[in-house]
Amino acid sequence: PLTLEEVRMLVELFYLPYHHGALAQELLEHFRWLRANSLSVGVPATAPDACGGTRWRGRAQSFQLLCARTCRLHSRFVSTAGPALLYDLHPYLWDIRNMLLAASAFVLWLGCQSITAPILLGRDAEPWARRGGLFGELQALLPVGNSCDLFYHPPPLFPSSQLYLLRPLLPLDKLGDEGQSCSEVSQGLQAQLSRAPALPGRLLGSFLSLSPEYTFVLEDEGGPCGYAAGALHAEGFLQQRDSSWLPAIRHKYPPDLGAGGPALGQDTLEEAVLFFHTEPLAVPQPVLRRFPSLVQLGTAPRVLDVGASRSLALCLLSALRANGSRGVFCQVSDADRQQLSFYSKLG
């Protein structure tokens, strides 16, 4: 059964409509301070204000631990609560868990930045786009503006106790490969998400090479199970992809590569090679002017909880908006029913 400490946590998260418990108050105070003082990160150790960076990272670690405790509380509650109590309270705890997954990853992302220009956190969302309680307070602190569709999703009919970890792509994930940025995470995702997994660069190669700072990874107990990748300035990203990244990858994987690989599955390999040798469609200038950033998201079939996918989207959009993006677009084949359904469910 739930421990007394876990019951106390549950009460403090939903204390009173306009009065938060100790745990919720601590979460908010940490998040407000970390957001307001994010410029102290990325400071070299020899700089005069290096202690500011140390303090920031200490508070970030405390915030991460509180988020992890709340996510574990959700998992324990689903595993131990009786059916009546579970279906009464689960929607609220599920919402908070999803929000804290995104907030925790956003703070981790802030800690990975080494920029010196101020981060543009944008204007507050309109009051009508915000909900009440702790959820609404956290929502107001994420710089996603009025993207309220991301915050309104019915909870799953069958609650899952699966624990997730959402984080930015870390330098340790990346491995050099003849000047081509590759990743063990990418290979794991490729095997689980793509119908043509023979070439690891197909899924995320261009983002890992040209825009790794806007790549996020979702993990469960089985390993990587989802990703969100973006490019802040899509026009420059697409030009660089077509002029340098694609020629290099085509040289590495020539068109006749599929003919010699029956052990890998010839049809699968040929399909993957064909993907690199097909000319990408140009994005119309009006789209680029109105939506200057490019995004791409995906999850493994085993991720049935739309809340985890929503957290991925929240985190990526927060990172892009924090650095000045006014809008995003994604490229999907009109024949890819799976991806069309995935993005539609996210709103």
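From a predicted model like this one, the values you see are computed outputs, not experimental measurements.

## Side note on the overall build of the protein chain
Piece 1. Tallying secondary structure elements over the protein chain gives twelve helices and seven strands in all.
Piece 2. A burial count over the protein chain gives 48% of its 347 residues as buried.
Piece 3. Accessible area for the protein chain stands at about 17200 Å²; split by element, carbon and sulfur atoms hold 58% of it.

## Observations concerning the sheet that holds strand β4 (residues 215-220)
Strands in a sheet are paired, the pairing made by backbone hydrogen bonds, and the direction either parallel or antiparallel.
Piece 1. Taken together, five strands build an open sheet; the order of strands is β1-β4-β5-β6-β7 and the sheet is mixed. At either end of the open sheet lies a strand with only one pairing partner, and these are β1 (165-168) and β7 (328-329).
Piece 2. Here strand β5 (residues 223-231) pairs with strand β6 (residues 293-299) via six bridges, running antiparallel. Counted as the bridge partner of A229 is Q296 from β6.
Piece 3. Its contacts with the sheet put helix α4 (residues 83-112) on β1 and β4, and the angle it makes with β1 is roughly 25 degrees.

## So, the pattern of salt bridges
Piece 1. For the structure on display, the rule yields nine salt bridges.
Piece 2. A salt bridge links R76 to E6, with the nearest nitrogen and oxygen atoms 2.9 Å apart. Here R76, found in helix α3 (residues 50-80), pairs with E6, found in helix α1 (residues 4-13); they are 70 residues apart in sequence, far enough to count as distant.
Piece 3. One salt bridge connects R97 with D305, and the closest N-O pair in it is separated by 2.8 Å.

## Regarding the environment of E279
Piece 1. In this fold, E279 is placed in the loop between α9 (266-277) and α10 (285-290).
Piece 2. Under the relative-accessibility criterion, E279 is labelled exposed at 58%.
Piece 3. C-alpha separation for the pair E279 and L246, spaced 33 residues apart in sequence, amounts to 9.5 Å.

## Brief notes about α1
Residues three or four positions apart in an α-helix share a direction because the helix packs 3.6 residues into each turn.
Piece 1. Within the sequence span of α1, burial applies to E6, M9, L10, E12 and L13. In a view along the axis of α1, the buried residues occupy a sector of 165 degrees, so they form one face of it.

## Re the pairing of β4
Piece 1. The element β4 is largely enclosed, with a buried count of six among its six residues.
Piece 2. Alternating residues of β4 divide into T215, V217 and E219 and F216, L218 and D220, and every residue in both groups is buried.
Piece 3. For β1 and β4, the ladder comprises four bridges, and the chain directions are antiparallel. Pairing of L165 across the sheet is with E219, part of β4.

## Side note on the packing of aromatic side chains
Piece 1. Evaluated as defined, the whole model comprises six aromatic pairs.
Piece 2. Aromatic pair W109 and Y214: ring centres 6.0 Å apart, planes at 35 degrees, arrangement tilted. Of the two residues, W109 sits in helix α4 while Y214 sits in the loop between α7 (201-210) and β4, which places them 105 residues apart along the sequence.
Piece 3. Here W109 falls in the buried class, since its relative accessible area comes to 1%.
Piece 4. Residue classification places Y214 among the buried positions, given a relative accessible area of 4%.
Piece 5. What links up through ring pairs into an aromatic cluster is the set F106, W109 and Y214.
Piece 6. One cation-aromatic arrangement involves R310 over W94; the distance from NZ or CZ to the ring centre is 5.3 Å.

## Notes on a nonpolar patch on the surface
Piece 1. There is a patch of nonpolar side chains on the surface, built from V7, V11, Y15 and L16 and spanning about 350 Å² of accessible area.
Piece 2. Mapped onto the elements of the fold, L16 is located in the loop between α1 and α2 (22-36).

## Remarks on the environment of S244
Piece 1. Checked against the element boundaries, S244 lands in helix α8 (residues 234-252).
Piece 2. Residue classification places S244 among the partly exposed positions, given a relative accessible area of 37%.

Cut-offs and rules
Residues numbered from 1 in each chain as written. Predicted model: local features only at pLDDT ≥ 70, side-chain atom pairs only at ≥ 80, totals over all residues. Heavy atoms only, no water. Helix = DSSP H or I, 4+ residues; strand = E, 2+ residues; numbered from the N terminus. Buried < 20%, exposed > 50% of the residue type's maximum accessible area, 1.4 Å probe, protein only. Areas by Shrake-Rupley, 256 points an atom, 1.4 Å probe, with all protein chains shown as cover. Pairing = 2+ DSSP bridges. Contact = heavy atoms within 4.5 Å. Axes fitted to C-alpha atoms, helices over the stretch in contact; angles between N-to-C directions. Salt bridge = Lys/Arg side-chain N within 4 Å of Asp/Glu carboxyl O. Arc of directions from axis to C-beta. Phe/Tyr/Trp six-rings, centres within 6.5 Å; stacked < 30°, edge-to-face > 60°. Lys NZ or Arg CZ within 6 Å of the ring centre and 35° of its normal. Patch = residues over 30% accessible without salt bridge, like charges linked within 9 Å, V, L, I, M, F, W, Y side chains within 5 Å.

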